[in-house]
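Given next are the chains, with one letter for each unit.
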Amino acid sequence: MTQAPFHNRQDAGRQLGAHLIGLHPWPDTVVLGLPRGGVPVAAGVARALGAPLDIFVVRKLGLPGHAEVAMGAIAPGGVRVLNDELVRGLGVSAGAIAAAEAREAAELARREAVYRAGRAPLGLAGQTALLIDDGVATGFTLRAALQAVRALLPLLWPLPAWRWPSRWPRPKPAGSWSRWPTR
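Along each chain, numbering runs from 1 in the same order as the chain's sequence is written. Per-residue local features are limited, in this predicted model, to residues with pLDDT of at least 70; the limit for side-chain atom pairs, both in listing and counting, is 80 or more; totals at the level of whole chains, interfaces and linings are taken over all residues. Hydrogen atoms and water are omitted, and side-chain values are computed over all heavy atoms in the structure.

K.L.:
Any chance you could explain the pairing of strand E5 (residues 79-82) here in plain terms?
P.N.:
Regular strands show a simple pattern: their side chains alternate between the two faces of the sheet. Examined bridge by bridge, strand E4 (residues 66-75) and E5 share four bridges and lie antiparallel to one another. By the bridge assignment for E5, Ala 75 is matched with Val 79. Strands were regarded as paired on the criterion that DSSP finds at least two bridges between them. Only DSSP runs of H or I with at least four residues qualify as helices, and only runs of E with at least two residues qualify as strands; both kinds are numbered from the N terminus onward. Counted along the chain from E4 to the antiparallel partner E5, the turn is three residues long, and its residue Gly 77 has a positive phi close to 85°.

Take a look at the structure:
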């Protein structure tokens, strides 16, 4: 049996941080973790780089009647990304999409308030952002996050998650970080 490359999310963050330190210096960098699973990975990276850590909350838009299936995602700033092929193919109505979006927007705001506990988001002006999640199933939450962060910041380094859809091209230089954890 092959040994998994990471013991857990914290270990993945430590290893990814050590890898990034070896690439080049990271001055003026902010590490953004997507809650929940991306935050422990991002924390290890931020610690290794000596960079500030912040969260970036996004929400999956679940398919009506099958909430675990993503028909899209939303992010701060009014960003919405839809799986147009799925929505069209299943005939999901505009009303159903709007209802899911309203429900998830309320949950996004609630989680943002809970996770931040009154702290303001870190300023991103003049910074390089490393956007980190712990896994990518359909990619819609990551796409929404990327679109929202890009609106705030011209220079963004999306890092591959430790789980990556096989149909997506592997990002470089850190493509090897797309692996399965043992727990």
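Moving on from the model shown.
K.L.:
Looking at this model, I keep getting lost on the pattern of salt bridges. Mind explaining?
P.N.:
Pairs can form between side chains of opposite charge whenever their charged atoms are close. In the sections that follow, a salt bridge refers to a side-chain nitrogen of Lys or Arg positioned within 4 Å of a carboxyl oxygen of Asp or Glu. Counting across every chain of the model gives eight salt bridges. As a salt-bridge pair, Arg 59 and Glu 104 come within 2.8 Å of each other at their nearest N and O atoms. Of the two residues, Arg 59 sits in strand E3 (residues 59-63) while Glu 104 sits in helix H4 (residues 94-116), which places them 45 residues apart along the sequence. Here Arg 116 and Glu 112 are joined by a salt bridge, their closest N and O atoms 2.5 Å apart. One end of the pair is Arg 116 and the other is Glu 112, both in helix H4 and four residues apart, which spans about a single turn. Taken together, the shared-partner salt bridges connect Asp 54, Glu 112 and Arg 116 into one network.

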